[in-house]
Amino acid sequence: MRFRHPDGSTVHLSYCTNVHPAETLDGILAQLRDHCEPVRRRLGRDRLGIGLWLARDAARTLTTDAASLRALRVELDRRGLEVVTLNGFPYEGFGADEVKYRVYQPDWTRPERLAHTTDLARLLAALLPEDVTEGSVSTLPLAWRTPFDTRAAALARNALTTLSGRLDALEELTGKSIRIGLEPEPGCVVETVADAVKALDPLPGPRIGVCLDTCHLATSFEDPRTALDALAAGGIPVPKAQLSAALHAEHPHLPEVRAALAAFAEPRFLHQTRTRTAAGLRGTDDLAQALGTAGHATAPGLPEAVAPDGGHDAGPGLPDATPWRAHFHVPLHAPPAPPLGSTLPVLQDAVALLVGGAHPRTHHLEVETYTWQALPPDRRPRTRARLADGIAAELTLARDLLTDLGLKELP
């Protein structure tokens with residue numbers, strides 16, 4: 001979906017296909033037919049943007065087989081779909097029964113991550129619509145927080161510097177400018193925007209910036225204005241923003257609230273949980289740990305409730321005198337039933353700051369609710385049609401936010 005900003009530039013809105021666990025080219029082609037095109041039809045649009053997730057195997061096939069890449073481009077056009085952004089965070093296995101910590105591998109200390117992201121940039125340059133010259137790729141925020149030492153930091157930075165040079169060469173060759181956004185996420189080396197500013201000072205290159213995920217921003221209790229002001233002060237671009245909402249519990253000490261939270265403590269994805277106390281931010285790697293209902297043997301990081309500076313809280317669980325937020329991407333249009341809620345207001349504030357001013361801070365917005373099938377059983381879509389209905393409803397909410405800010409929806 002395209003929107004005209006009052007300054008005359010185009011803002012793109014898409015949804016991320018990592019909600020559909022396809023990791024081969026055949027699976028992606030089926031996903032376009034079975035999921036993406038039905039969403040487009042529900043929205044009554046001739047054209048729909050999708051943020052493709054290309055796992056390692058699919059990316060490698062497309063990189064080494066020009067005919068396969070042409071076939072994908074033809075299929076996108078045939079189904080009324082366009083791609084201006086890729087999700088390069090998960091490498092493979094995102095549709096597995098248990099993802100958890102594996103999503104952070106390989107990290108930016110390993111050559112596989114650089115090679116994969118280079119492939120994604122080249123593929124995106126080939127997939128961009130003819131009238132679009134800028135693309136974006138989101139990627140993991142360097143690595144999980146442990147183990148990560150000065151040597152690892154140097155390796156990651158060197159990889160990003162190498163990538164920046166490759167992106168420069170790609171633009172010279174194709175005329176397409178591809179930018180990369182590190183996506184701050186709780187528990188990672190770059191957990192917050194403040195961490196991103198430190199990690200990217202000085203910038204490895206002008207094409208490297210931040211992908212602002214509003215679920216992650218809210219989970220870490222970051223203020224959108226403060227975060228964006230810090231990026232602006234550091235000269236750090238925002239190639240892309242992901243529109244998502246976290247799980248919010250205002251009164252986590254209440255038994256009924258804890259019971260409601262427990263329904264979201266599922267085994268597939270990691271749901272980092274945070275609370276803001278008088279002593280600072282405290283957190284656990286997963287929601288079950290916050291509730292004190294899971295052991296810590298599988299956690300490669302710090303297992304107890306921890307502060308960003310590495311401090312520990314005594315005992316199991318997370319302090320519950322102040323609100324909790326959990327890294328669980330809840331559907332934008334359908335917040336959890338009371339006594340829980342979502343951080344949709346944080347998303348709304350962030351969008352207003354990103355595209356509501358005289359000029360957009362980013363031109364790529366992507367709805368990323370990949371947890372539809374991880375919702376409590378009574379809230380999961382049981383059919384492809386129900387899932388398409390939900391994704392279309394999320395995009396409708398996002399569209400309305402943009403038009404309320406004065407952007408004009410384009411055909």
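Residues numbered from 1 in each chain as written. Predicted model: local features only at pLDDT ≥ 70, side-chain atom pairs only at ≥ 80, totals over all residues. Heavy atoms only, no water.

Asker: Tell me about the overall build of the protein, and name the residues and values.
Answerer: Along the backbone of the protein there are 12 helices and 15 strands. Principal-axis analysis of the C-alpha atoms places the extent of the protein at approximately 55 × 45 × 40 Å. Considering only residue pairs separated by 6 or more positions, the protein has 80% of its internal contacts joining residues 24 or more positions apart. On the protein, roughly 15,800 Å² of surface is accessible, and the fraction owed to carbon and sulfur atoms is 53%. Each charge class in the protein can be summarised by its mean position, and for the 43 positive and 51 negative side chains these summaries are 4 Å apart. (Helix = DSSP H or I, 4+ residues; strand = E, 2+ residues; numbered from the N terminus. Contact = heavy atoms within 4.5 Å. Areas by Shrake-Rupley, 256 points an atom, 1.4 Å probe, with all protein chains shown as cover. Lys, Arg positive; Asp, Glu negative; His and termini not counted. Charge placed at Lys NZ, Arg CZ, Asp CG, Glu CD.)

Asker: Summarise unusual backbone geometry; cite the residues concerned and give the values.
Answerer: Note the cis peptide between Gln-105 and Pro-106, where omega equals -10°. Take Pro-106: it is sitting in the loop between strand S4 (81-87) and helix H4 (111-127). The amide bond that connects Asp-201 to the next residue, Pro-202, takes the cis arrangement and shows omega of -5°. With respect to the helices and strands, the residue Pro-202 is situated in the loop between helix H6 (193-199) and strand S7 (208-213). The phi torsion at Leu-142 lies on the positive side, around 75°, for a residue other than glycine. Tracing the backbone shows Leu-142 in the loop between strand S5 (134-139) and helix H5 (150-174). Phi at Phe-221 takes a positive value of approximately 55°, unusual for a residue other than glycine. Along the polypeptide, Phe-221 turns up in the loop between helix H7 (214-219) and helix H8 (224-233).

Asker: Quick one: what's the story with the side chain of Ser-138, residue by residue and with numbers?
Answerer: Assignment of secondary structure puts Ser-138 in strand S5. One polar contact links Ser-138 to Lys-240, side chain to side chain, over a distance of 3.0 Å. Discounting residues that sit within four places of it in the chain, Ser-138 has contacts with Leu-86, Asn-87, Gly-88, Phe-89, Gly-181, Glu-183, Cys-211, Lys-240 and Gln-242. (Polar contact = N/O pair within 3.5 Å; in protein donor to acceptor, adjacent residues only side chain to side chain.)

Asker: How would you summarise the sheet that holds strand S10 (residues 273-277) if you had to cite specific residues and measurements?
Answerer: Taken together, five strands build an open sheet; the order of strands is S11-S10-S12-S9-S13 and the sheet is antiparallel. Of all the strands in the sheet, the pair left with one neighbour each is strand S11 (280-284) and strand S13 (340-342). The mean inter-strand angle of the sheet, taken between neighbouring strand axes irrespective of direction, is 30°. (Pairing = 2+ DSSP bridges. Axes fitted to C-alpha atoms, helices over the stretch in contact; angles between N-to-C directions.)

Asker: Explain H8 residue by residue, including any values.
Answerer: Residues of H8 that are buried: Pro-224, Ala-227, Leu-228 and Leu-231. Projected down its long axis, H8 shows its buried positions confined to an angular sector of 90°, all on one face. Along H8, the residues that are exposed and aim more than 90 degrees away from the buried face are Thr-226 and Ala-233. Its buried side turned inward, H8 meets H6, S7, H7 and helix H11 (344-355). Where H8 ends, the next residue or the one after it, Gly-235, has phi of about 70°, a positive value. (Buried < 20%, exposed > 50% of the residue type's maximum accessible area, 1.4 Å probe, protein only. Arc of directions from axis to C-beta.)

Asker: Tell me about the nonpolar core, residues and numbers included.
Answerer: Most often, soluble globular proteins have nonpolar side chains that are buried together. Ranked by size, the top nonpolar core spans 115 residues in total, and within it Leu-13, Tyr-15, Ile-50, Trp-108 and Leu-395 carry the most contacts. Considering every element that reaches this core, the biggest residue donor is helix H12 (residues 384-404), with nine residues. Dropping the residues within four chain positions of it, Tyr-15 is found in contact with His-20, His-35, Cys-36, Val-39, Leu-48, Gly-49, Ile-50, Gly-51, Glu-366, Val-367, Ile-391 and Leu-395. (Core = buried A, V, L, I, M, F, W, Y, C linked by side-chain atoms within 4.5 Å.)

Asker: Now, about the pairing of S4: what can you tell me, with residues and values included?
Answerer: Buried residues dominate S4, accounting for seven of its seven residues. Note: strand S3 (residues 48-53) against S4, five bridges, orientation parallel. Across the sheet, the residue bridging to Gly-49 is Glu-82, located in S4. With respect to chirality, the unit in which S4 leads through H4 into the neighbouring parallel S5 is right-handed. (Right-handed = clockwise from strand over helix to strand, strands pointing away.)

Asker: Before we move on, could you go through the packing of helix H3 (residues 66-78) against H4 and cite the residues and values that matter?
Answerer: With their axes 10 Å apart at the nearest point, H3 and H4 run at an angle of 50° to one another. Accordingly, the angle class assigned to the pair H3 and H4 is oblique. Crossing geometry of H3 relative to H4 is assigned as right-handed. Listed contacts from H4 to Leu-69, Leu-72, Arg-73 and Leu-76 of H3 are Leu-123, Ala-126 and Leu-127. Of the residues assigned to the contact of H3 with H4, the class counts are six nonpolar, no polar and one charged. (Parallel < 35°, antiparallel > 145°, perpendicular 65-115°, else oblique. Left-handed = near helix turned anticlockwise from the far one by under 90°. Nonpolar A, V, L, I, M, F, W, Y, C, P; charged D, E, K, R; others polar.)

Asker: Pulling in residues and values, what's your account of the packing of aromatic side chains?
Answerer: Under the counting rule described, the total for this entry stands at eight aromatic pairs. Pairing Phe-94 with Tyr-370 gives two aromatic rings, centres 5.2 Å apart and planes at 65°, and the pair type is edge-to-face. One end of the pair, Phe-94, is in the loop between S4 and H4; the other, Tyr-370, is in the loop between strand S14 (364-367) and H12, and 276 residues separate them in sequence. Taken individually, Phe-94 and Tyr-370 each receive the classification buried, so the pair is uniform in this respect. Summarising the aromatic geometry, the rings of Phe-264 and Phe-328 are spaced 5.1 Å apart at their centres and angled 85° between planes, so their arrangement reads as edge-to-face. Residue Phe-264 is located in the loop between helix H9 (255-262) and S10, and its partner Phe-328 is located in strand S12 (residues 324-330); the two are separated by 64 residues in the primary sequence. As far as burial versus exposure is concerned, Phe-264 and Phe-328 are alike and both buried. (Phe/Tyr/Trp six-rings, centres within 6.5 Å; stacked < 30°, edge-to-face > 60°.)

Asker: Before we move on, can you summarise the packing of helix H1 (residues 25-43) against H3 with the specific residues and values?
Answerer: In contact at an axis separation of 10 Å, H1 and H3 are set at 10° when each is read in the N-to-C sense. On the basis of their axis angle, the class for H1 and H3 is roughly parallel. Along its contact with H1, which presents Leu-25, Ile-28, Leu-29 and Leu-32, the element H3 presents Ser-68, Leu-72, Glu-75 and Leu-76.

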